[in-house]
Structure formats: C-alpha cells, structure tokens
Amino acid sequence: MRTGARPVAQGEALTPRKRVAPGTPQAELERLALQERTHPSAEPLSIQTAIWLFRAYGAAMHEFSDSLRPLGLSPSAFNMLQALVNTRAQKLEPCELADRLLVSRPSVTGLIDTLEAKSLVVRHPHPEDRRRVLVGLTDKARELLESHYADHYAFLRSLVGDLSEDERATLVSLLRRIRGAVPDQLRED
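Residues numbered from 1 in each chain as written. Predicted model: local features only at pLDDT ≥ 70, side-chain atom pairs only at ≥ 80, totals over all residues. Heavy atoms only, no water.

### Re the environment of E165
Tracing the chain through its elements places E165 in helix α7 (residues 165-175). Among the residues examined, E165 registers a relative accessible area of 64% and is labelled exposed. Linking E165 and P44, residues 121 residues apart in sequence, is a C-alpha distance of 28 Å. (Helix = DSSP H or I, 4+ residues; strand = E, 2+ residues; numbered from the N terminus. Buried < 20%, exposed > 50% of the residue type's maximum accessible area, 1.4 Å probe, protein only.)

### Digging into the pairing of strand β3 (residues 133-137)
Where a strand is regular, its side chains alternate between the two sheet faces. Counting buried residues in β3 gives 4 out of 5 residues, a clear majority hidden from the surface. Relative to β3, strand β1 (residues 91-92) runs antiparallel, the two being bridged by 2 bridges. Bridged to L92 within β3 is V135. Inspection of the sheet shows strand β2 (residues 121-125) paired to β3 by 5 bridges, in the antiparallel sense. Its bridge partner lying in β3, R123 is registered against V135. (Pairing = 2+ DSSP bridges.)

### Considerations on the side chain of T138
Structurally, the position occupied by T138 is in the loop between β3 and α6 (139-159). Judged by relative accessible area, which is 17%, T138 ranks as buried. Within the structure, T138 has its side chain in polar contact with the backbone oxygen of S119 (distance 2.7 Å). Once you skip the residues sitting within four places of it in the chain, T138 turns out to touch S119, L120, V121 and V122. (Polar contact = N/O pair within 3.5 Å; in protein donor to acceptor, adjacent residues only side chain to side chain. Contact = heavy atoms within 4.5 Å.)

See the structure below:
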C-alpha cells in the first residue's frame, strides 16, 4: 500500500474519483477505487477497458476452442488454415503467416509442423528461391473447413448476436485502434 494510504474501514463505500464506464457494478467500483487509492498512476477507465477486453477475448477463445474440438484443431491451427484459404493462391510463406496471425515465426513453424503431420498443409518449394518455402492447403484441409463452415459462421453470429450492426461496426473500428492489433498487410500507407 502506498505510504499515507489508510486501510479501508468495514462498510465504508468506495468509489473511484476518476471516470468509469456507465453501469459499473458496485463490486467493480470498489476494486477500481482501491487500485486508484493505492497506486497514483492507476486510471480506472483504462483499467476497466483492458480488463473487459481481456475478459471478452478469454470468453470468446474458450467458446471458439470448444467449437473446434470436434475437428481436432486449436484456434491457432484453424486461423492458419483460414489465412491460407483466404489468400488468392492459397499459399503463403511462413513469415507471411506469422505476420497475418500476429505470432512469432517459431510459433508458426511449430504450427505448420503440427498441421503437416495431420495432412492439412504441405510445404512447397518457393519458385524463386530454394531457401524459402510456401505453405499450402491440402484437399483434406479444404474438405474439413467446408464441413465446418455452417457451424463456424453460426458461432460467430451468436458470439456477437447481442450487439446491433452499428455496435459491431463501432466495435471493429475501436478494436483496430488498439496498439499492435492491425497486422502489417492491413495497414494503409
């Protein structure tokens, strides 16, 4: 506890001094007020924003993982297959996959190895440089994805179903402004 901060008396109501999101429940208000009281640099609204972003991400990833379990895929594996299927040539270099998925190159290599062992991707020689490879989908991967798309798109609709179209559009615009969220290939010069 910061020097000079006194313990909170039992029954004493605590509320942050700085702004918080509308509709914040009392228990959350108290936790934010305690952080603000003990740490001068704590800004309640920034704390709330980050916490709810992480909670939403965690909840979405938990549901996403559950939806992929019947396919035997992790969210990372599914996202890699989607990155490939949503590319004109349906082939990318590992470094391009890493950039699109916002993960490290060693992580992508391990994921490629896993998907290759499941016969879902294959490495092709790069046409211009023998030291490089292109990763492409197999027919098995295309069939697996095609068999899951109806469930996948229903899951995505249900995930954000409580938000109006305008709210979804606003959320996308706001999330794009989170530092580091936009991969290089989506940046406009």
